[in-house]
Amino acid sequence: MVMTASSRAPQAGGSSNERSPFVRLNELLAPHQPGKPLISLAVGEPQHPVPDFVGPVLAKHIADFGRYPMNQGTDPFRQAASTWLSSRFELPRPLDPKSEILVLNGSREGLFLAALAAKRYVGPRPGTPAILMPNPFYPVYGAGALAAACEPVYLPTTIENGFLPDLDAIDEATLARTVAFYLASPANPQGSVASRDYFTRLKRLADRYGFMILSDECYSEIYTREAPGSALECAGPDFTRVAAFQSLSKRSNLPGLRVGFAAGDKTFIGMFLELRNIAAPQVPVPLQHVATFAYGDEAHVEENRRLYRIKFDLADQIIGNRYGYRRPDAGFCVWLNTSAIGDDVSVTLKLFREAGVRVVPGSFLARQQPDGFNPGAGYIRLALVQDSETTAQALHRLVETLG
């Protein structure tokens with residue numbers, strides 16, 4: 001394992017500020033008024049139409065709201081999730097629906113509680129237990145680490161390392177005390193995708209040091225070119241020490257349904273279920289029926305991708321080569337380097353006050369490394385979730401305002 005003394009090497013520590021970046025954004029903008037009719041590109045809440053099948057399926061199963069669901073999920077849902085995984089990814093074998101699939105209230109709830117389950121699964125670590133995560137990152141990773149009484153270790157993701165954690169830069173002492181490694185592929189906010197080689201290398205580290213890989217793949221179905229892979233493809237025949245997390249929020253444009261699943265290592269899934277049995281709300285059965293239908297239908301997913309493809313074509317044309325723009329490999333976010341114009345907070349304020357465009361400062365999505373480096377600083381994140389006409393208007397305003 002390569003050791004490094006670089007000031008940007010992954011180290012334990014960082015800011016203790018675990019507040020929501022969106023609460024911080026609200027506080028930043030509250031004293032100000034938008035200069036034009038507001039267009040929000042801040043929250044990654046899909047705005048495409050809800051699929052037509054949702055209403056009829058809910059209506060058919062409305063009576064199931066009258067009973068408590070089982071925490072592991074219905075048999076049809078787990079079978080649908082397993083079938084979809086096998087058709088979508090090149091897995092070593094199909095996952096067992098009964099022991100290797102677990103329904104979730106969306107991936108956020110699952111990713112949070114997974115940290116607690118991973119700590120039980122892994123057992124004692126030498127020194128302070130640690131949970132590793134990319135930086136910038138989805139805030140629930142940090143919250144899960146703290147709830148599990150583990151030290152969050154932030155791994156800076158920059159343009160130099162392809163916006164994925166540099167596996168060679170993690171020292172052995174940190175790996176030895178690692179409980180879990182959160183990985184987002186496709187990444188939020190940069191849209192980078194881990195290769196099969198990357199997943200394989202990470203799995204070797206997990207096997208060597210005994211930690212759990214928590215692979216957040218909720219953006220896997222939003223892509224405009226090549227379909228991203230899954231950590232499960234490189235997890236071996238028993239999926240040992242790997243759990244992948246999926247959600248219908250992005251894939252099916254159903255953020256309010258709050259249905260997802262975890263899949264992988266059956267020992268971990270069993271421990272996770274035991275935790276959810278006492279600490280998590282069940283997923284309503286009618287919603288699982290909708291999810292079962294959704295995982296059996298790809299037409300609405302392709303239509304969803306088509307709509308995002310149009311918006312990224314617009315971004316290619318309107319933004320061009322400004323602000324270090326590159327079309328992301330997957331996901332629906334744009335990560336712009338506006339450091340030549342000003343710091344990311346002042347640029348966010350400028351866009352709101354002059355253009356009426358709401359974005360997120362990159363520094364709000366990241367944590368400061370021990371040396372003071374914040375890998376999100378100087379960037380802004382745009383979520384292209386509005387319709388194409390609104391998106392084009394927002395991008396034109398952004399370019400006109402920032403120059």
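Everything numeric here is computed off the predicted structure, so don't read it as measured data.

Trainee: Talk me through the overall build of the protein chain; I want residue IDs and the actual numbers.
Mentor: Secondary structure assignment for the protein chain yields 13 helices and 13 strands. Taking 2.2 N^0.38 as the reference for a compact globule, 403 residues should give roughly 22 Å; the C-alpha atoms of the protein chain span a radius of gyration of 21 Å, in line with that estimate. Counting only C-alpha atoms, the protein chain reaches 55 × 55 × 35 Å along its principal axes. Buried residues in the protein chain amount to 58% of all 403 residues.

Trainee: Give a description of the pairing of strand E9 (residues 260-264) that names residues and reports values.
Mentor: Most of E9 is tucked away, with 5 of its 5 residues classed as buried. Burial of the side chains of E9 extends over both faces: Gly260, Ala262 and Gly264 are buried on one face and Phe261 and Ala263 on the other. Inspection of the sheet shows strand E3 (residues 101-104) paired to E9 by 4 bridges, in the antiparallel sense. Counterpart to isoleucine 101 in the pairing with E9 is alanine 263. In this structure, strand E8 (residues 242-247) lies alongside E9, joined through 5 bridges in antiparallel fashion.

Trainee: Now, about the domain arrangement of the protein chain: what can you tell me, with residues and values included?
Mentor: Once the domains are mapped, the protein chain shows domain 1 (21-44 + 300-402) and domain 2 (54-296). On the domain 2 side, the residues contacting the 27 residues of domain 1 number 29 residues. Buried surface at the junction of domain 1 and domain 2, both sides included, amounts to about 2500 Å², of which 56% is carbon and sulfur. Between domain 1 and domain 2 we count 1 salt bridge in total.

Trainee: Before we move on, could you go through the sheet that holds strand E10 (residues 333-337) and cite the residues and values that matter?
Mentor: Strand order in this open sheet of 3 strands is E10-E13-E12, and the pairing throughout is antiparallel. The open sheet is flanked by E10 and strand E12 (360-361), the only strands paired with a single partner. Examined bridge by bridge, E10 and strand E13 (residues 379-383) share 5 bridges and lie antiparallel to one another. Within the sheet, the bridge partner assigned to valine 334 lies in E13 and is leucine 382.

Trainee: Quick one: what's the story with the packing of aromatic side chains, residue by residue and with numbers?
Mentor: Scanning the model with the defined rule gives 18 aromatic pairs in all. Judged by centre distance (4.8 Å) and plane angle (5°), the ring pair of tryptophan 335 and tyrosine 379 falls under stacked. With tryptophan 335 in strand E10 and tyrosine 379 in strand E13, the pair connects residues that are 44 residues apart, well separated along the chain. Put simply, the rings of Phe77, Trp84, Phe89, Phe261 and Tyr295 pair up and form one aromatic cluster. Taking the ring centre of phenylalanine 364 as reference, the NZ or CZ of arginine 24 above it sits at 4.1 Å.

Here is what the cut-offs are and how they apply
Residues numbered from 1 in each chain as written. Predicted model: local features only at pLDDT ≥ 70, side-chain atom pairs only at ≥ 80, totals over all residues. Heavy atoms only, no water. Helix = DSSP H or I, 4+ residues; strand = E, 2+ residues; numbered from the N terminus. Rg over C-alpha atoms; globule rule 2.2 N^0.38 Å. Buried < 20%, exposed > 50% of the residue type's maximum accessible area, 1.4 Å probe, protein only. Pairing = 2+ DSSP bridges. Domains from an automatic or database assignment. Contact = heavy atoms within 4.5 Å. Buried area = accessible area lost by both parts, 1.4 Å probe. Salt bridge = Lys/Arg side-chain N within 4 Å of Asp/Glu carboxyl O. Phe/Tyr/Trp six-rings, centres within 6.5 Å; stacked < 30°, edge-to-face > 60°. Lys NZ or Arg CZ within 6 Å of the ring centre and 35° of its normal.

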